[in-house]
Amino acid sequence: MIIVMKPMAKAESIEQIKSIIEAKGLEAHISPGKEVTIIGVIGDRSKLQDQNLEIFEDVDKIVSVTESYKLANKKFHPEPSRVKVGNVIIGGDALVIMSGPCAVESKEQLLATAHAIKKAGAHILRGGAYKPRTSPYAFQGLEEEGLKYMKEAREETGLPVVCEVTSLDAIDAAVKYVDMLQIGARNMQNFYLLKEAGKSGLPVLLKRGLAATIDEWLNASEYIIAEGNPNVVLCERGIRTFETATRNTLDISAVPVIKEKSHLPIIVDPSHATGVRAYVKPLSMAAVAVGADGLMIETHPNPSMALSDGPQSLTFEQFEKLMKELTPLATLMGRKL
Ligand code: PEP
Ligand code: MN
(Lines give C-alpha, C1' and ligand atoms only; values in the text may rest on other atoms or scores of the structure.)
(Ligands and ions follow the chains in the order given, each with its own letter.)
Protein backbone atom coordinates (compact mmCIF):
# COMPACT_ATOMS: atom_id res chain seq x y z
CA MET A 1 0.00 0.00 0.00
CA ILE A 2 1.01 3.62 -0.40
CA ILE A 3 0.24 6.67 1.66
CA VAL A 4 -0.19 9.81 -0.41
CA MET A 5 0.58 12.88 1.68
CA LYS A 6 -1.17 16.20 1.08
CA PRO A 7 0.66 18.84 -0.97
CA MET A 8 2.86 20.85 1.43
CA ALA A 9 2.75 18.09 4.07
CA LYS A 10 5.11 18.92 6.92
CA ALA A 11 8.40 17.03 7.27
CA GLU A 12 7.42 16.07 10.86
CA SER A 13 4.15 14.52 9.62
CA ILE A 14 6.05 12.42 7.07
CA GLU A 15 8.51 11.35 9.75
CA GLN A 16 5.66 10.47 12.13
CA ILE A 17 3.96 8.21 9.58
CA LYS A 18 7.30 6.58 8.77
CA SER A 19 7.92 5.80 12.47
CA ILE A 20 4.45 4.28 12.86
CA ILE A 21 5.09 2.00 9.87
CA GLU A 22 8.53 0.99 11.10
CA ALA A 23 7.28 0.36 14.63
CA LYS A 24 5.00 -2.32 13.14
CA GLY A 25 8.04 -4.06 11.63
CA LEU A 26 7.33 -2.83 8.10
CA GLU A 27 9.55 -0.89 5.70
CA ALA A 28 8.69 2.67 4.66
CA HIS A 29 9.99 4.03 1.35
CA ILE A 30 9.69 7.76 1.01
CA SER A 31 9.43 9.19 -2.47
CA PRO A 32 9.46 12.99 -2.40
CA GLY A 33 7.77 14.24 -5.59
CA LYS A 34 7.43 17.69 -7.12
CA GLU A 35 3.91 18.10 -5.72
CA VAL A 36 3.32 15.39 -3.14
CA THR A 37 5.35 12.94 -1.10
CA ILE A 38 4.44 9.29 -1.28
CA ILE A 39 5.25 6.74 1.41
CA GLY A 40 5.36 3.16 0.18
CA VAL A 41 4.84 0.35 2.68
CA ILE A 42 6.62 -2.95 2.14
CA GLY A 43 5.66 -6.03 4.10
CA ASP A 44 2.52 -7.61 5.51
CA ARG A 45 -0.02 -4.76 5.47
CA SER A 46 -2.34 -6.59 7.86
CA LYS A 47 0.07 -5.42 10.59
CA LEU A 48 -1.37 -1.94 10.04
CA GLN A 49 -4.97 -3.14 10.30
CA ASP A 50 -5.68 -1.46 13.63
CA GLN A 51 -3.97 1.77 12.63
CA ASN A 52 -6.11 4.25 10.72
CA LEU A 53 -3.53 6.42 8.98
CA GLU A 54 -6.18 8.39 7.13
CA ILE A 55 -7.01 10.36 10.27
CA PHE A 56 -3.63 12.12 10.27
CA GLU A 57 -3.93 15.72 9.17
CA ASP A 58 -1.30 15.67 6.43
CA VAL A 59 -2.39 12.34 4.92
CA ASP A 60 -4.39 12.71 1.73
CA LYS A 61 -5.29 9.09 0.96
CA ILE A 62 -4.25 5.45 1.23
CA VAL A 63 -4.01 3.47 -2.00
CA SER A 64 -3.56 -0.28 -2.08
CA VAL A 65 -0.97 -1.65 -4.51
CA THR A 66 -2.24 -4.92 -5.89
CA GLU A 67 0.80 -5.65 -8.10
CA SER A 68 3.41 -7.93 -6.50
CA TYR A 69 6.25 -5.57 -7.50
CA LYS A 70 6.34 -2.53 -5.25
CA LEU A 71 9.67 -0.70 -5.53
CA ALA A 72 9.55 -0.89 -9.33
CA ASN A 73 5.95 0.30 -9.30
CA LYS A 74 5.07 3.76 -10.55
CA LYS A 75 2.57 4.07 -7.70
CA PHE A 76 5.51 3.95 -5.27
CA HIS A 77 7.59 6.41 -7.26
CA PRO A 78 5.55 8.54 -9.66
CA GLU A 79 8.54 10.50 -11.03
CA PRO A 80 10.53 8.74 -13.78
CA SER A 81 13.84 7.40 -12.45
CA ARG A 82 17.14 8.46 -13.93
CA VAL A 83 19.98 5.99 -13.86
CA LYS A 84 23.57 7.20 -14.00
CA VAL A 85 26.11 5.02 -15.82
CA GLY A 86 29.54 6.63 -15.60
CA ASN A 87 28.74 10.18 -16.69
CA VAL A 88 25.71 9.20 -18.80
CA ILE A 89 22.12 9.59 -17.54
CA ILE A 90 19.51 7.11 -18.79
CA GLY A 91 15.89 8.23 -18.46
CA GLY A 92 16.55 11.96 -18.81
CA ASP A 93 16.02 14.33 -21.75
CA ALA A 94 18.69 12.71 -23.88
CA LEU A 95 18.34 9.44 -25.74
CA VAL A 96 21.11 7.03 -24.77
CA ILE A 97 22.64 4.85 -27.46
CA MET A 98 24.60 1.77 -26.42
CA SER A 99 26.52 0.02 -29.15
CA GLY A 100 29.33 -2.44 -29.69
CA PRO A 101 29.98 -6.02 -30.66
CA CYS A 102 27.91 -8.97 -29.53
CA ALA A 103 31.10 -10.55 -28.19
CA VAL A 104 34.46 -9.06 -27.33
CA GLU A 105 36.69 -11.04 -29.71
CA SER A 106 40.05 -9.24 -29.46
CA LYS A 107 41.51 -6.00 -28.18
CA GLU A 108 41.82 -4.65 -31.73
CA GLN A 109 38.21 -5.48 -32.61
CA LEU A 110 36.88 -3.85 -29.44
CA LEU A 111 39.01 -0.70 -29.59
CA ALA A 112 38.20 -0.14 -33.27
CA THR A 113 34.50 -0.49 -32.47
CA ALA A 114 34.70 1.78 -29.43
CA HIS A 115 36.33 4.57 -31.45
CA ALA A 116 33.90 4.17 -34.36
CA ILE A 117 30.75 4.26 -32.25
CA LYS A 118 32.03 7.20 -30.24
CA LYS A 119 32.72 9.13 -33.45
CA ALA A 120 29.19 8.36 -34.62
CA GLY A 121 27.75 9.78 -31.37
CA ALA A 122 27.03 6.69 -29.21
CA HIS A 123 27.15 7.11 -25.43
CA ILE A 124 27.90 3.67 -23.95
CA LEU A 125 30.02 0.77 -25.24
CA ARG A 126 28.54 -2.71 -25.00
CA GLY A 127 30.43 -5.98 -25.43
CA GLY A 128 29.93 -9.52 -24.21
CA ALA A 129 32.76 -11.24 -22.36
CA TYR A 130 30.55 -14.08 -21.05
CA LYS A 131 28.33 -15.30 -23.86
CA PRO A 132 25.22 -17.36 -23.01
CA ARG A 133 25.22 -19.24 -26.33
CA THR A 134 22.45 -21.62 -27.36
CA SER A 135 25.04 -24.24 -28.36
CA PRO A 136 27.76 -25.29 -25.89
CA TYR A 137 30.14 -25.58 -28.88
CA ALA A 138 29.73 -21.94 -29.96
CA PHE A 139 32.22 -19.23 -28.86
CA GLN A 140 31.64 -18.66 -25.13
CA GLY A 141 33.50 -15.36 -24.71
CA LEU A 142 36.94 -14.20 -23.53
CA GLU A 143 35.74 -13.84 -19.93
CA GLU A 144 38.09 -11.76 -17.72
CA GLU A 145 40.44 -11.00 -20.62
CA GLY A 146 37.44 -9.48 -22.45
CA LEU A 147 36.57 -7.39 -19.38
CA LYS A 148 40.11 -5.99 -19.36
CA TYR A 149 39.70 -4.87 -22.97
CA MET A 150 36.38 -3.23 -22.05
CA LYS A 151 38.13 -1.23 -19.34
CA GLU A 152 40.88 -0.28 -21.76
CA ALA A 153 38.28 0.86 -24.28
CA ARG A 154 36.72 3.08 -21.62
CA GLU A 155 40.11 4.55 -20.75
CA GLU A 156 40.81 5.30 -24.43
CA THR A 157 37.41 6.72 -25.38
CA GLY A 158 35.82 7.87 -22.12
CA LEU A 159 32.68 5.82 -22.95
CA PRO A 160 31.16 3.96 -19.98
CA VAL A 161 31.00 0.20 -20.60
CA VAL A 162 28.32 -2.46 -20.06
CA CYS A 163 28.91 -6.19 -20.05
CA GLU A 164 26.65 -9.20 -19.51
CA VAL A 165 27.22 -11.39 -16.46
CA THR A 166 26.06 -14.99 -16.42
CA SER A 167 27.27 -16.22 -13.03
CA LEU A 168 28.27 -15.04 -9.57
CA ASP A 169 31.96 -15.39 -10.55
CA ALA A 170 31.33 -13.20 -13.57
CA ILE A 171 29.82 -10.51 -11.33
CA ASP A 172 32.84 -10.64 -9.01
CA ALA A 173 35.13 -10.14 -12.00
CA ALA A 174 32.98 -7.57 -13.83
CA VAL A 175 32.69 -5.13 -10.90
CA LYS A 176 36.44 -4.52 -11.25
CA TYR A 177 36.21 -3.43 -14.88
CA VAL A 178 32.77 -2.21 -16.04
CA ASP A 179 30.29 0.59 -15.28
CA MET A 180 27.06 -1.39 -15.71
CA LEU A 181 26.11 -5.07 -15.47
CA GLN A 182 23.79 -6.65 -18.01
CA ILE A 183 21.50 -9.53 -17.08
CA GLY A 184 20.59 -11.25 -20.33
CA ALA A 185 17.25 -12.59 -21.49
CA ARG A 186 18.16 -16.18 -20.56
CA ASN A 187 18.91 -15.20 -16.97
CA MET A 188 16.03 -12.82 -16.34
CA GLN A 189 14.58 -15.19 -13.76
CA ASN A 190 17.88 -16.41 -12.32
CA PHE A 191 16.97 -15.02 -8.92
CA TYR A 192 20.36 -15.60 -7.25
CA LEU A 193 22.04 -13.72 -10.07
CA LEU A 194 19.52 -10.88 -9.78
CA LYS A 195 20.12 -10.60 -6.03
CA GLU A 196 23.90 -10.59 -6.47
CA ALA A 197 23.61 -7.96 -9.20
CA GLY A 198 21.53 -5.97 -6.73
CA LYS A 199 24.31 -6.21 -4.15
CA SER A 200 27.06 -5.28 -6.63
CA GLY A 201 26.47 -1.54 -6.33
CA LEU A 202 26.59 -1.14 -10.13
CA PRO A 203 23.63 -0.10 -12.30
CA VAL A 204 21.97 -3.07 -13.98
CA LEU A 205 20.57 -3.42 -17.50
CA LEU A 206 17.84 -6.06 -17.22
CA LYS A 207 16.80 -7.63 -20.50
CA ARG A 208 13.34 -9.11 -20.89
CA GLY A 209 13.22 -12.92 -20.82
CA LEU A 210 12.49 -14.76 -24.05
CA ALA A 211 9.00 -15.67 -22.88
CA ALA A 212 8.52 -13.35 -19.93
CA THR A 213 5.40 -11.32 -19.32
CA ILE A 214 5.79 -7.68 -18.35
CA ASP A 215 4.66 -8.58 -14.85
CA GLU A 216 7.40 -11.23 -14.52
CA TRP A 217 9.96 -8.79 -15.89
CA LEU A 218 9.03 -6.10 -13.37
CA ASN A 219 9.16 -8.68 -10.57
CA ALA A 220 12.67 -9.59 -11.75
CA SER A 221 13.65 -5.91 -11.47
CA GLU A 222 12.13 -5.89 -7.98
CA TYR A 223 14.67 -8.56 -6.91
CA ILE A 224 17.50 -6.17 -7.81
CA ILE A 225 15.91 -3.08 -6.26
CA ALA A 226 14.99 -4.98 -3.07
CA GLU A 227 18.74 -5.46 -2.47
CA GLY A 228 19.06 -1.70 -2.14
CA ASN A 229 20.02 -1.02 -5.77
CA PRO A 230 17.46 1.26 -7.46
CA ASN A 231 19.60 1.70 -10.59
CA VAL A 232 17.82 -0.65 -12.98
CA VAL A 233 17.25 -0.02 -16.69
CA LEU A 234 14.91 -2.35 -18.58
CA CYS A 235 15.67 -3.54 -22.11
CA GLU A 236 12.98 -4.88 -24.46
CA ARG A 237 14.76 -7.28 -26.84
CA GLY A 238 11.91 -9.17 -28.46
CA ILE A 239 9.94 -12.17 -27.26
CA ARG A 240 9.19 -15.65 -28.63
CA THR A 241 6.11 -15.84 -30.80
CA PHE A 242 4.98 -18.18 -33.62
CA GLU A 243 6.67 -15.85 -36.16
CA THR A 244 9.92 -17.13 -37.65
CA ALA A 245 10.68 -14.36 -40.18
CA THR A 246 12.52 -12.53 -37.42
CA ARG A 247 14.62 -14.00 -34.61
CA ASN A 248 12.12 -12.71 -32.02
CA THR A 249 9.13 -10.40 -32.15
CA LEU A 250 9.79 -6.89 -30.87
CA ASP A 251 7.05 -6.05 -28.39
CA ILE A 252 7.00 -2.34 -29.11
CA SER A 253 3.97 -1.91 -26.87
CA ALA A 254 6.14 -2.90 -23.92
CA VAL A 255 7.55 0.64 -23.93
CA PRO A 256 4.30 2.52 -23.18
CA VAL A 257 3.10 -0.31 -20.92
CA ILE A 258 6.28 -0.09 -18.82
CA LYS A 259 6.04 3.71 -18.77
CA GLU A 260 2.56 3.36 -17.32
CA LYS A 261 3.40 0.69 -14.75
CA SER A 262 6.91 1.61 -13.67
CA HIS A 263 9.26 4.54 -13.14
CA LEU A 264 12.25 2.61 -14.49
CA PRO A 265 13.85 3.73 -17.78
CA ILE A 266 13.40 1.39 -20.74
CA ILE A 267 15.56 0.98 -23.82
CA VAL A 268 15.02 -1.18 -26.91
CA ASP A 269 17.41 -3.65 -28.55
CA PRO A 270 16.35 -3.98 -32.21
CA SER A 271 19.37 -6.19 -33.01
CA HIS A 272 18.39 -9.21 -30.89
CA ALA A 273 14.70 -8.50 -31.51
CA THR A 274 15.04 -9.06 -35.25
CA GLY A 275 18.30 -10.90 -35.89
CA VAL A 276 18.38 -9.12 -39.25
CA ARG A 277 20.56 -6.09 -40.03
CA ALA A 278 18.04 -4.60 -42.48
CA TYR A 279 15.35 -4.36 -39.81
CA VAL A 280 17.50 -2.58 -37.24
CA LYS A 281 16.86 0.90 -38.65
CA PRO A 282 13.04 0.71 -38.92
CA LEU A 283 12.71 -0.73 -35.42
CA SER A 284 15.15 1.80 -33.97
CA MET A 285 12.92 4.51 -35.44
CA ALA A 286 9.83 2.82 -34.00
CA ALA A 287 11.44 2.59 -30.56
CA VAL A 288 12.32 6.29 -30.51
CA ALA A 289 8.84 7.20 -31.78
CA VAL A 290 7.14 5.17 -29.03
CA GLY A 291 9.14 6.87 -26.29
CA ALA A 292 12.04 4.54 -25.44
CA ASP A 293 14.84 6.10 -23.39
CA GLY A 294 17.53 4.62 -25.59
CA LEU A 295 18.68 1.84 -27.88
CA MET A 296 21.17 -1.01 -27.82
CA ILE A 297 22.56 -1.77 -31.27
CA GLU A 298 25.19 -4.35 -32.19
CA THR A 299 28.08 -3.18 -34.38
CA HIS A 300 31.17 -4.99 -35.68
CA PRO A 301 34.21 -3.98 -37.79
CA ASN A 302 33.46 -6.87 -40.15
CA PRO A 303 30.08 -8.49 -39.42
CA SER A 304 30.63 -11.36 -41.87
CA MET A 305 33.56 -12.53 -39.73
CA ALA A 306 31.85 -11.99 -36.34
CA LEU A 307 32.04 -14.88 -33.88
CA SER A 308 28.44 -14.25 -32.88
CA ASP A 309 25.41 -12.38 -34.21
CA GLY A 310 27.07 -11.18 -37.43
CA PRO A 311 23.80 -11.15 -39.44
CA GLN A 312 22.25 -8.56 -37.13
CA SER A 313 25.38 -6.43 -36.58
CA LEU A 314 25.79 -3.10 -38.37
CA THR A 315 29.03 -1.99 -39.99
CA PHE A 316 30.50 1.27 -38.69
CA GLU A 317 29.22 3.12 -41.77
CA GLN A 318 25.71 1.74 -41.30
CA PHE A 319 25.75 2.73 -37.65
CA GLU A 320 26.93 6.24 -38.40
CA LYS A 321 24.20 6.64 -41.01
CA LEU A 322 21.58 5.36 -38.57
CA MET A 323 22.67 7.86 -35.92
CA LYS A 324 22.24 10.69 -38.45
CA GLU A 325 18.81 9.40 -39.46
CA LEU A 326 17.68 9.12 -35.84
CA THR A 327 18.60 12.69 -34.93
CA PRO A 328 15.62 14.56 -36.49
CA LEU A 329 13.21 11.96 -35.11
CA ALA A 330 14.70 12.33 -31.63
CA THR A 331 14.27 16.10 -31.89
CA LEU A 332 10.65 15.63 -32.96
CA MET A 333 10.13 13.48 -29.86
CA GLY A 334 11.68 16.18 -27.66
CA ARG A 335 14.85 14.18 -26.96
CA LYS A 336 18.44 15.19 -27.47
CA LEU A 337 20.76 12.90 -29.39
C1 PEP B 1 23.38 -9.74 -25.81
O2 PEP B 1 22.99 -8.59 -25.57
O3 PEP B 1 24.52 -9.99 -26.22
C4 PEP B 1 22.46 -10.88 -25.63
C5 PEP B 1 22.90 -12.12 -25.53
O6 PEP B 1 21.17 -10.51 -25.61
P7 PEP B 1 19.87 -11.29 -25.06
O8 PEP B 1 20.15 -11.67 -23.65
O9 PEP B 1 18.81 -10.25 -25.22
O10 PEP B 1 19.66 -12.47 -25.98
MN1 MN C 1 24.33 -10.66 -29.56
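Rules behind the numbers
Within each chain, residue numbers correspond to sequence positions counted from 1 in written order. As a convention, the first chain written is A and the first ligand written is 1, with the rest following in written order. Local features in this predicted model are restricted to residues whose pLDDT is 70 or higher, and side-chain atom pairs enter the listing and the counts only when it is 80 or higher, whereas totals over whole chains, interfaces and linings include all residues. Note that water and hydrogens are dropped before the side-chain values are worked out from all heavy atoms of the structure. Whether a residue is near a molecule or strand is decided by its heavy atoms; if any one of them lies within 4 Å of it, the residue is near. Between N or O atoms, a polar contact is any pair within 3.5 Å; within protein, one atom must be a potential hydrogen donor and the other a potential acceptor, and residues adjacent in sequence are included only when both atoms are from side chains. Working definition of accessibility: Shrake-Rupley area with a 1.4 Å probe, residue cover restricted to the visible protein chains. The definitions used throughout rest on a 1 Å grid laid over the protein atoms alone, on which a cavity is an enclosed set of points accommodating a 1.4 Å probe that cannot get out and a pocket is an open set flanked by protein within 12 Å on both sides along at least five of seven lines; lining residues are those having an atom within 4 Å of a point. A molecule is counted as occupying a cavity or pocket when more than half of its atoms fall within 2 Å of that pocket's grid points. As a working rule, the residues Ala, Val, Leu, Ile, Met, Phe, Trp, Tyr, Cys and Pro are called nonpolar, Asp, Glu, Lys and Arg charged, and the rest polar, with Gly in that last group. The rule for a salt bridge is simple: a side-chain nitrogen of Lys or Arg has to be within 4 Å of a carboxyl oxygen of Asp or Glu. Every helix listed is a DSSP run of H or I at least four residues long, and every strand listed is a run of E at least two residues long, numbered separately from the N terminus. Here the term buried applies to any residue with accessible area under 20% of the maximum for its type, exposed to any over 50%, and partly exposed to those in between, with areas from a 1.4 Å probe on protein chains only. Take the number of residues in a helix, subtract one, and multiply by 1.5 Å to get its expected span. Note on bend: the value at a residue is the angle between axes fitted to the seven residues ending there and to the seven starting there. The contact criterion used throughout is that any non-hydrogen atoms of two residues lie within 4.5 Å.

Residues in close proximity to ligand 1 include Arg126, Lys131, Glu164, Gln182, Gly184, Ala185, Arg186, Lys207, Arg237, His272 and Glu298, which together make up its full environment. Gln182 is positioned with one of its side-chain polar atoms (N or O) 2.9 Å from an oxygen atom of ligand 1. For ligand 1, whose accessible area on its own is 290 Å², the fraction buried by protein is 96%. Put simply, ligand 1 lies in the largest pocket. For the shell around ligand 1, the per-class residue count stands at one nonpolar, three polar and seven charged.

All chains considered together, the criterion is met by 21 salt bridges. Between Lys321 and Glu325 there is a salt bridge whose closest N-O contact spans 3.2 Å. Taken together, the residues Lys321 and Glu325, both in helix H10 (residues 316-332) and four residues apart, mark about one turn of the helix. Taking the relative accessible area as the measure of exposure, Lys321 reaches 51% and is therefore exposed. Taking the relative accessible area as the measure of exposure, Glu325 reaches 24% and is therefore partly exposed. Here the salt bridges share partners, and the residues they tie into one network are Lys119, Glu320 and Lys324.

Turning our attention to H10. Helix length check: H10 (17 residues) gives 25 Å between terminal C-alpha atoms against 24 Å at 1.5 Å per residue, within 8%. Approximately 30° is the largest bend angle found in H10, and it occurs at Leu326, with the proline Pro328 only one to four residues beyond. When we look at burial in H10, the residues that qualify are Phe316, Phe319, Leu322, Met323, Leu326, Leu329 and Ala330. Structurally, H10 contributes buried residues whose contacts are with strand E7 (96-100), helix H2 (107-120), helix H9 (280-289) and strand E14 (294-298). Gly334 sits one or two residues past H10 and shows a positive phi near 75°.

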